[in-house]
Amino acid sequence: MASVSIPEDLAQAEQRAKELQSRHIETTVDAVIQQAITDYVQEILMEGLEGSYVTTHFADDQLTITEDATGKVLTTIPAPAGGFQAAFRSQGRMLMQNLANKVQEKFRDRIIRG
């Protein structure tokens with residue numbers, strides 16, 4: 001589901017951090033993981049909600065999905081036990097699949113099927 005550029009596990013996140021650092025872009029593995037999580041959810045939303053403009057971001061220890069036009073919070077996805085970072089580091093692909101399932105569940109009535 002995810003684009004090739006979005007890391008889906010710890011090894012990919014570490015590689016991405018090294019690539020960025022080699023281009024003199026300051027980053028950490030934690031920052032790459034956080035960006036990967038938001039990018040992954042955002043990509044699912046962009047594919048499934050054609051014409052809808054929403055943004056995914058972290059607020060406290062949860063993902064928040066807001067409507068761009070109004071800033072209204074549409075939904076939140078709480079962190080798994082131990083937090084998003086720990087879940088990604090131990091089972092990144094499973095976390096990403098769980099996030100995909102939660103997004104599809106929360107936006108069931110709005111997701112456009114191919």
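What you see as residue numbers is a count from 1 along each chain, following the sequence as written. Restriction of local features to residues with pLDDT of at least 70 applies here, the model being predicted, together with a cutoff of 80 or more for giving and counting side-chain atom pairs; totals for whole chains, interfaces and linings are based on all residues. Hydrogen atoms and water are omitted, and side-chain values are computed over all heavy atoms in the structure.

## Points about the packing of helix α2 (residues 29-48) against helix α3 (residues 84-106)
Inter-axis angles, ranging from 0 to 180 degrees, are taken between N-to-C directions of lines fitted to C-alpha atoms, where helices are fitted over the stretch in contact. Counting from the N terminus, the helices are the DSSP runs of H or I reaching at least four residues and the strands are the DSSP runs of E reaching at least two. Running from N to C, α2 and α3 point in directions that differ by 10°, and their axes come no closer than 10 Å. As the angle between them shows, α2 and α3 are arranged roughly parallel. Seen from α2, the contacting residues are Val29, Asp30, Ile33, Gln34, Ala36, Ile37, Tyr40, Val41, Ile44 and Leu45; seen from α3, they are Phe84, Gln85, Phe88, Arg89, Leu95, Met96, Leu99, Ala100 and Val103. The residue inventory of the contact of α2 with α3, partitioned by class, reads 15 nonpolar, two polar and two charged. An angle below 35 degrees is read as roughly parallel, one above 145 as roughly antiparallel, one from 65 to 115 as roughly perpendicular, and any other as oblique. We call two residues in contact whenever any of their non-hydrogen atoms come within 4.5 Å of each other. Residues are grouped as follows: nonpolar covers Ala, Val, Leu, Ile, Met, Phe, Trp, Tyr, Cys and Pro; charged covers Asp, Glu, Lys and Arg; every other residue, Gly included, is treated as polar.

## Some details on α3
A helix's residues, less one, multiplied by 1.5 Å, set its expected span. Between its first and last C-alpha, α3 extends only 19 Å over 23 residues, short of the 33 Å set by a 1.5 Å rise per residue. Three labels apply to residues, based on accessible area from a 1.4 Å probe with only protein chains included: buried if under 20% of the type maximum, exposed if over 50%, partly exposed otherwise in between. Taken together, the buried positions of α3 are Phe84, Ala87, Phe88, Gly92, Leu95, Met96, Leu99, Ala100 and Val103. On its buried face, α3 sits against α1 (10-22), α2, β1 (54-59), β2 (62-67) and β3 (73-78).

## Concerning the nonpolar core
Among the buried residues, those of types Ala, Val, Leu, Ile, Met, Phe, Trp, Tyr and Cys that are joined through side-chain atoms within 4.5 Å form a nonpolar core. Within the largest apolar cluster, 26 residues are counted, with the highest numbers of intra-cluster contacts made by Ile37, Leu45, Phe88 and Leu99. Elements supplying a minimum of two residues to this core: α1, α2, β2 and α3. Apart from residues lying up to four places away in sequence, Phe88 is in contact with Pro7, Glu8, Asp9, Leu10, Ala13, Ile33, Ala36, Ile37, Leu95 and Met96.

## What to know about the sheet that holds β2
Backbone-to-backbone hydrogen bonds join strands into a sheet, with any given pair of strands oriented parallel or antiparallel. When DSSP finds two or more bridges between two strands, those strands count as paired. If you trace the three strands from one edge of the open sheet to the other, you get β1-β2-β3, paired in antiparallel fashion. Unpaired on one side and paired on the other, β1 and β3 mark the two borders of the sheet. Pairwise comparison of adjacent strand axes, ignoring direction, gives a mean angle of 20° for this sheet. Here β1 pairs with β2 via six bridges, running antiparallel. Each bridged residue has a counterpart across the sheet, and for Ala59 the counterpart in β2 is Gln62.

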